[in-house]
Each structure stands twice: as C-alpha cells, then as structure tokens.
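# Topology and contacts: notes
So the chains spell out like this:
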Amino acid sequence: MNVKDFNFDLPQELIAQDPLLDRSASRLLVLDKHTGEIEHRHFRDILSYLRKGDCLVINDTKVIPARLFGVKEGTEAKIEILLLKRKENDIWETLVKPGKKAKVGTVISFGEGLLKGTVIDVVEEGNRLIQFTYDGIFEEILDRLGQMPLPPYITHQLQDKNRYQTVYAKHEGSAAAPTAGLHFTKELLKEIEDKGISIAHVTLHVGLGTFRPVKVEEIESHHMHSEFYIVEEGEAKKVNDTKKNGGRVVCVGTTSCRTVESASTEDGILKAGTGWTEIFIYPGYRFKILDCLITNFHLPESTLVMLVSALAGREHVLHAYDEAIKERYRFFSFGDAMFLTDLSKEQEHGGNVS
C-alpha cells in the first residue's frame, strides 16, 4: 500500500487551535465501520451509542511539561529540547533543536543553571541522550521550567495546562496527549458508569513515534518507535469479562487501541503486564480485542489514519473525512471526534439517538 493512498486535502483553517470551553461540546461524526453510513452528533451523545455491558478502555497516561528551553554553555546559543523517553540515572532520550549545536559533550543550562543537561550520545534519527543534573526533585523542576509539548500545528499559546490533559490523567510519562480522551468530562464518565458500562484503565506513554511522518512510499516498510505500556490485572479482567459476556470493547483513542492489541493473545485474551510496543496497525490487520473506536481526526498520510482505516476501510474513512471537511469539523488535537461502530447493531439495541 502506498502512503499517498491515505492523503486528503485539509483547509488550514479547520485545524483547531484552542480547546472548547466545554470538553463534551465537541462534534461527533459517527461512522458505520461496515457500511460507511454517517451520522452527525455532539460528543455528549456518545452515551446513547454505548450500551450496558460494554467496556470503555481509556489511557490514563499524563503528559509531562516536556519542552525545555535552554542555552549552550560557552556560547549561550539557544537550544530547545523535547523529552521523549526516560532511561536510567537521569538520562532521557530527547529531540534537540537545532541538533547541530548539541554534539556529544555539550552542556545545556536551563533556568539559569537550576537544571543542566550533558549530551552523552546521538542515537536513532539524530535523537540525543542527555544526562541531567540538579538539586531537588526532577518532576518539580520540570513543572517549573517545562512547557506543554503542543504539536507544531497548534500555534496559539495554551492558557490552561490542564486542557492538554484528560480528566483521568494519572501516570506521568507522555510527550503528547491521548487526545480522543480530551472530550470526556468527569460528569459524562459517571453517566457512562451509571448506565452499566465498565471503564478499564490502561497506560501507554505516548512518544513521538505515533506522530512521525511516514517517510517511505510503501507503508509496510514503515517502522514505529517503541512506547511503554502497563495493563493491570483488574483492568484486564474487566475487558476479558466484557468479551466473555458478549459486550463490546470500545477503545478511547488509538493509544488505548494499540495497548490492548499489543497486550492480547491471538485468541483475544488481554494479558496483564508491562512492555514496549512497536505495533503498526494498517489495513489488513485483524483486531483481536477492539470492537469500536472513539478517535479524533488525524493528519493526512499518518499512521493514525492508517489505523482507523484498518477498522473501517480506507474508502469509508476518507469519505467520512471529506464529509467532515464539508461540514467544517475541527481537526487534530483540540478538534472534534469520530466514533467507529456498527450502526445496524445500535438500532437493534435502540441505542441510537434521534
């Protein structure tokens, strides 16, 4: 399959720059994954599409203020770094701009020396391993000096850091938010539970691999970067019980999807544990756990559009994207959402909204 098969033209003005005041007021495009039928709703209507006995899987990772601005000791040249992966002994894999100023041995000072980092190695794709030195607690210093790592297509300043976190964010470690979860409020989650839908928490620390452009023509040759995940015993049981009892597993976001698909056996049993995943889901993939998916609108030619196309078919997905553009939906991180489901089954259960 060619990367160009997943391209579409997106008007620049449809890229959402700011989050809505009410998280659940986003629009929701409902797509039948089998027929391509489309319905236009608002996100809070998701409650009408979920039914008793379903299991909602959410990624409770927390974004760290991973963007740091410093100066190179000796020249005072400005250097920006993005923390990607925590290693041992205060070493992080980082993305550095400009990379040519960060050779091995370079010392970068942040916050007038409150935090210092020494480049100790250059690894895959030019990423730098940086060892940090500081007095105190690293997380507190990072909270003071770091900024939220908003994607480059968001040019507005974020007024409230918490708007780039889900309301259930818990375990720190992500360089980007699992953005499908940004639409949920605590009140909506309570309504979902009150309806008899279980909520299973998994953790996948989102790195930049998910968002890196596909640089090869044939998508089968693309290699995903590894991301760390955790599935607790009790949460795996919720998912497995749901499958056993005939309920549906509804993943919130591509990160939850990639977690459960990575941690499951071939016959669809979710295993508790921790691990690193490089799973790349594209058309032809057979889903082992996931039945339905809540997701945002993604970048052209991205691995995320490919994942969504694996579930609902490339033609259906690209048609839905065309409709969303026509209807002026908001795209990407702070934008609107899609729900990929089976509408004929929804109607059988009387779950559809008028």
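In what follows, the accompanying structure is described. Computed from a predicted structure; not experimentally measured.

### Here's the deal with the overall build of the chain
When helices and strands are tallied, the chain shows 8 helices and 17 strands. For 354 residues, the compact-globule formula gives about 20 Å, and the C-alpha radius of gyration of the chain, at 21 Å, lands near that figure. Across the 354 residues in the chain, those meeting the buried criterion constitute 56%. Taking the intrachain contacts of the chain between residues at least 6 apart in sequence as the baseline, contacts between residues at least 24 apart amount to 72%.

### Structural notes on unusual backbone geometry
A cis amide bond links Lys97 with the next residue in sequence, Pro98, at an omega value of -10 degrees. Position of Pro98 among the secondary structure elements: in the loop between β7 (91-97) and β8 (107-110). Backbone geometry places Glu76, a non-glycine residue, at a positive phi of 65 degrees. Secondary-structure assignment places Glu76 in the loop between β5 (67-72) and β6 (78-86).

### What about the sheet that holds strand β14 (residues 249-252)?
Overall, mixed pairing links the 9 strands, which are arranged β2-β1-β17-β16-β14-β3-β12-β13-β15 in an open sheet. Among the strands making up the open sheet, the edge pair consists of β2 (38-42) and β15 (273-277). Neighbouring strand axes in the sheet, compared pairwise and without regard to direction, differ in orientation by 25 degrees on average. On top of the sheet, helix α7 (residues 314-326) reaches β1 (27-32), β2, β16 (292-296) and β17 (337-341); it is set at about 150 degrees to β1, its chief contact.

### Some details on the nonpolar core
Ranked by size, the top nonpolar core spans 65 residues in total, and within it Val57, Tyr164, Leu293 and Phe331 carry the most contacts. At 7 residues, helix α6 (residues 303-312) tops the list of elements feeding residues into this core. Membership of the second largest hydrophobic core comes to 24 residues, among which are Phe43, Phe184, Ile294 and Ala337.

About the thresholds
- Residues numbered from 1 in each chain as written.
- Predicted model: local features only at pLDDT ≥ 70, side-chain atom pairs only at ≥ 80, totals over all residues.
- Heavy atoms only, no water.
- Helix = DSSP H or I, 4+ residues; strand = E, 2+ residues; numbered from the N terminus.
- Rg over C-alpha atoms; globule rule 2.2 N^0.38 Å.
- Buried < 20%, exposed > 50% of the residue type's maximum accessible area, 1.4 Å probe, protein only.
- Contact = heavy atoms within 4.5 Å.
- Pairing = 2+ DSSP bridges.
- Axes fitted to C-alpha atoms, helices over the stretch in contact; angles between N-to-C directions.
- Core = buried A, V, L, I, M, F, W, Y, C linked by side-chain atoms within 4.5 Å.

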